[in-house]
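# Results of the structural survey
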Amino acid sequence: MTLAILCRRAFSDLRQNFCAQLITTMVVSLSILIFAFFTLLYFNLQHFVDRLGAELGLVVFLSEDTPKDRIPSLYQKLTGLSEVEKVTYISSEEAFGRLEKFLKDEKEVLEGVDPRFLPPSFEIQVNRAMFQLKRIKQLAGEIDKWPEVSKVQFGQEWIDRLYVFSGLVRTIVAIIGLLLLFTAAFVVTNTIKLTVYARQEELKIIRLVGATNIFIQGPFLVEAFLQGLMGSSLALGVVFACFRFFQGIEAKSELLRGVNICFIPWQYTVAIIASSVLLCVLGTALAMRRSLRL
Amino acid sequence: MISIESSIILLKDVSKKYSTDNVVFSGIDLEIEKGEFVFLTGPSGAGKSTMLRILFCAERPTSGEVWVDGVTLSSLSNAQVPYLRRKIGVIFQDFKLLSNYTIFDNVALSLEVIGLGKKQAEQRIMQILEGVGLAGKTSHYPLQLSGGEQQRVAIARAVVNRPSIILADEPTGNLDLQRTEEVIMLMEELNARGATIIFATHDDRLFENTHRRVIRLFNGRIRI
């Protein structure tokens, strides 16, 4: 049997059983749509946590007795670290100035206070490409051991909480994904079974004239391939349209500016389409097992 | 004396039973020679259809051995069955046409499965439809035709790939006398061109004045 005959039969079947094919494609599409929305949510949360962690950075407080001539060498030492992107020195006076700005109308409480009562510090921005919570913790621990350093501070507690939260979301997405996958597999297989059942007599006749299993099954597999491909592409298209819509809102909103929402990475997009195609093709092969018996 | 060499169909001690108290036939020995036209008759439920179904591998015998065109059916794997079926044209009483296919496409099915080129297939389909008098109705659907016409389409589909054996299971059961005669004539023509034909019928009138061999199935046994 040539590929041309197989494709011609598949397209002829698609035309003749358009409604059934459309229903199966919509079922696939809806399942993938829900799954893709959760995946989009998960990736944006992960992206947000990573970015927040990187932006929080480290603050290295120096001991009060650190000589001023040690500052440039400490600066050099910090900028030499591979994890460090940018280092800013904040003197005691600058820190005091920031505190005054922060207190605004209540800055009178600082009256009579020595402007050097706050320790000098280095604000470190971490290299985003190298950002990992573990590595940041490690770095903070290493810097903390330097004799001139009194304390290293970073939003560990917040980052830890966010990581636990994103881990929870990942688990939820995985569970929902699996449930949706089983539901989609069940619904798709049964929709195909119904289609096959409705065409049982036709398949019996085709078998009687000497059709091989590939002749009988081939068009169904081509149809399943197209259903998987079109269903998942449609769902991802809808998710992408929503993503662009949110991007538009983000650009216009002062509150959301800088959130930088991201789309599902292309590797995952390809994996979703491939899984959908595989699901439909395997579902069809399983649904047709009985029809291929003599 | 039964011999595999001279016969196109051979059954040796063939039995078919669905359960201990549902025995269709047992101990059947039968030989049909190449180019023969035989009538297979017997009352309803005698096992005529079952025998034909065994010959085109829709069912397997419970015991015994069957040879079709030199092939031992018991040694035939499921994957090999379609290739045997291409040598056999089957005609049914209920026509078994695909109602959502045109007449042309119904007949084309037999050629599609063997992968015949489009041009060659078209030529052969038109030739066969002309032969059965339906050349003007290629784009009609089966339900737009009369019973006799539908049976002629079924015959066209069964013979278009030039099978060496034709199994006709009560092909005239749903037809009036005139249409029945037309079908018999078509069968005679196909036989004259070399096809071996087994014509199952319970209607004695069809072979009353014939010189053809009549195989009678009765109470699960053959009476010649």
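Residues numbered from 1 in each chain as written. Chains lettered and ligands numbered in written order. Predicted model: local features only at pLDDT ≥ 70, side-chain atom pairs only at ≥ 80, totals over all residues. Heavy atoms only, no water.

### Focus on the overall build of chain B
In plain terms, the rule: Segments assigned H or I by DSSP are reported as helices when at least four residues long, segments assigned E as strands when at least two residues long, and all are numbered from the N terminus. Two things to know: the radius of gyration comes from C-alpha atoms, and the globule rule equals 2.2 Å times the number of residues to the power 0.38. Note on exposure labels: buried denotes an accessible area under 20% of the residue type's maximum, exposed denotes more than 50%, and partly exposed covers the range between, all computed with a 1.4 Å probe on protein chains only. By the convention used here, residues are in contact when the closest approach between their heavy atoms is within 4.5 Å.
What chain B contains, in helices and strands, is six helices and ten strands. Against the compact-globule benchmark of 17 Å for 224 residues, chain B has a radius of gyration of 17 Å, which places it among compact chains. Referenced to the eigenvectors of the C-alpha coordinate spread, the extents of chain B come out at roughly 50 × 40 × 35 Å. Sorting the 224 residues of chain B into buried and exposed places 54% on the buried side. Residue pairs at least 24 apart in sequence account for 70% of intrachain contacts in chain B once pairs closer than 6 positions are excluded.

### Here's the deal with the overall build of chain A
Note the following rule: Working definition of accessibility: Shrake-Rupley area with a 1.4 Å probe, residue cover restricted to the visible protein chains.
Along its length, chain A carries nine helices and four strands. Taken over C-alpha atoms, the radius of gyration comes to 31 Å for chain A, far larger than the 19 Å a tight globule of 294 residues would show. C-alpha extents for chain A along the principal axes are approximately 100 × 40 × 30 Å. The buried share of chain A, reckoned over its 294 residues, is 43%. Expressed as a percentage of contacts within chain A between residues at least 6 apart in sequence, the contacts between residues at least 24 apart total 81%. Working note: accessible area of chain A is about 17,000 Å², and carbon and sulfur atoms make up 65% of it.

### Thoughts on the environment of Phe240(A)
When you line up the elements, Phe240(A) lands in helix H8 (residues 213-252). Distance from Phe240(A) to Ile214(A), taken between C-alpha atoms, is 37 Å for residues 26 residues apart in sequence.

### Looking at the pairing of strand S3 (residues 121-126) of chain A
Rules: Strand pairing requires that DSSP identify at least two bridges connecting the strands.
In this sheet, S3(A) lies alongside strand S1 (residues 58-62) of chain A in antiparallel orientation, the contact comprising four bridges. Directly across from Val59(A), in S3(A), lies its bridge partner Glu123(A).

### Some remarks on the domain arrangement of chain A
Test applied: For every domain, the bounds stem from an assignment made automatically or drawn from a database.
Annotation of chain A at the domain level lists domain 1 (3-52 + 160-292) and domain 2 (58-154). Between the C-alpha centres of domain 1 of chain A and domain 2 of chain A the distance comes to 51 Å.

### Regarding the side chain of Thr66(A)
All names here are of chain A. Counted only if it meets this: What qualifies as a polar contact is a pair of N or O atoms within 3.5 Å, subject to a donor-acceptor requirement within protein and to the restriction that residues adjacent in sequence count only when both atoms come from side chains.
Mapped onto the fold, threonine 66 is located in the loop between S1 and helix H3 (71-79). On the basis of relative accessibility, which here comes to 13%, the residue threonine 66 falls in the buried class. In terms of polar contacts, threonine 66 uses its side chain to reach the backbone carbonyl oxygen of glutamate 148, at 3.4 Å. Contacts of threonine 66, omitting those with residues within four sequence positions, involve Leu74 and Glu148.

### A word on the sheet that holds strand S2 (residues 22-33) of chain B
Residue and element names in this part refer to chain B. Read across the open sheet, the four strands follow the order S2-S1-S4-S5; overall the sheet is antiparallel. Looking at strand neighbours, the two that pair on one side only are S2 and strand S5 (71-72), the edges of this open sheet. Pairing of strand S1 (residues 7-19) with S2 involves eight bridges; the strand directions are antiparallel. Bridge assignment links valine 14 to a residue of S2, and that residue is isoleucine 28.

### With respect to the interface of chain B and chain A
Selection rule: The buried area of a pairing is the accessible area, by a 1.4 Å probe, that goes missing from both parts when the two are put together, added over both. Counted as salt bridges are all cases of a side-chain nitrogen of Lys or Arg within 4 Å of a carboxyl oxygen of Asp or Glu. By the convention adopted, Pro, Cys, Tyr, Trp, Phe, Met, Ile, Leu, Val and Ala count as nonpolar, Lys, Arg, Asp and Glu as charged, and the other residues, Gly among them, as polar.
The interface is formed by 22 residues belonging to chain B together with 17 residues belonging to chain A. On the chain B side of the interface with chain A, the three residues burying the most area are Arg85(B), Glu112(B) and Val113(B), jointly 31% of the side's total. Across the contact surface, chain B and chain A share three salt bridges. A salt bridge links Arg9(A) to Glu112(B); the nearest nitrogen and oxygen atoms lie 3.6 Å apart. Residue assignment for the side of chain B that touches chain A shows that the elements contributing at least two residues are helix H2 (81-85) and helix H3 (103-112) of chain B. For the side of chain B that touches chain A, the leading source of residues is H2(B), giving four residues. Its residues placed into classes, the side of chain B that touches chain A shows twelve nonpolar, four polar and six charged.

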